[in-house]
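# Structure assessment
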Amino acid sequence: MEGWSRGTGVVLEIVGYWTPEYLADKLSRLSAVRGVHLIVAVSRHLALRAAELPATVLPFKRRLLLRDLLPSLEAFRTT
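Residues numbered from 1 in each chain as written. Predicted model: local features only at pLDDT ≥ 70, side-chain atom pairs only at ≥ 80, totals over all residues. Heavy atoms only, no water.

## Quick word on helix H1 (residues 20-31)
Rule in force here: A run of DSSP states H or I qualifies as a helix once it reaches four residues; a run of E qualifies as a strand once it reaches two. Both are numbered from the N-terminal end. Take the residue count of a helix, subtract one, and multiply by 1.5 Å to get its expected span. Accessibility here uses a 1.4 Å probe with only protein chains present; expressed as a share of the type maximum, an area under 20% marks a residue as buried, one over 50% as exposed, and anything in between as partly exposed. Directions from the helix axis toward the C-beta atoms define the arc. Contacts are assigned to residue pairs that have any heavy atoms within 4.5 Å of one another.
Between the first and last C-alpha of H1 there are 16 Å, a value that for twelve residues agrees with the 16 Å anticipated at 1.5 Å per step. Among all positions of H1, only Leu-23, Lys-26, Leu-27 and Leu-30 are buried. One side of H1 carries all its buried residues, which in axial view fall inside an arc of 95°. Residues Glu-21 and Arg-29 are exposed on H1 and point more than 90 degrees away from its buried face. Contacts from the buried residues of H1 go to strand E1 (10-15), strand E2 (37-43) and helix H2 (47-50).

## Focus: the environment of Val-11
Residue position: Val-11 is located in strand E1. Relative accessible area serves as the criterion here: at 38%, Val-11 is assigned to the partly exposed category. The spatial distance from the C-alpha of Val-11 to the C-alpha of Ile-39 is 6.2 Å, given a sequence separation of 28 residues. Excluding residues within four positions of it along the chain, Val-11 makes contact with Val-36, His-37, Leu-38 and Ile-39.

## Looking at the side chain of Ser-43
With respect to the helices, strands and loops of the structure, Ser-43 is situated in strand E2. In this structure Ser-43 comes out as buried when scored by relative accessible area, which is 9%. Look past the residues within four positions of Ser-43 in its chain and what remains in contact with it is Val-15, Trp-18 and Phe-60.

## Notes on the sheet that holds E1
Definition in use: The rule for pairing is simple: two strands pair if DSSP sees at least two bridges between them. Throughout, an axis means a line fitted to C-alpha atoms (over the contacting stretch in the case of helices), and angles, computed between N-to-C directions, take values from 0 to 180 degrees.
Spatially, the three strands line up as an open sheet ordered E1-E2-E3, and their pairing is parallel. Whereas interior strands pair on both sides, the edge strands pair on one side only; in this sheet they are E1 and strand E3 (56-60). Between one strand axis and the next, the sheet turns by 20° as a mean value, whatever way the strands run. The pairing of E1 with E2 spans six bridges and is parallel. For Leu-12, the partnering residue across the bridge sits in E2 and is Ile-39. Contacts from H1 reach E1 and E2, with the element oriented near 165° to E1. Across the sheet, helix H3 (residues 66-74) lies against E1, E2 and E3, angled at about 170° from E3, the strand it touches most.

See the structure below:
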């Protein structure tokens, strides 16, 4: 793909089904992630809790749509 440097990688984490314990553990683990381009897709009602993550947070309503994901991916594109 033109514009992408070789080796550019993006990690996508989708936080869908959750319990309060699972969510606390997941957010704690994601807070520690460094050195990768990270996109965390979360349901809209969790977006504020995820906003403190060192990641791009992508809220979704019922499902994650590619048309919503593409702008976040483009943000990592090198010029």
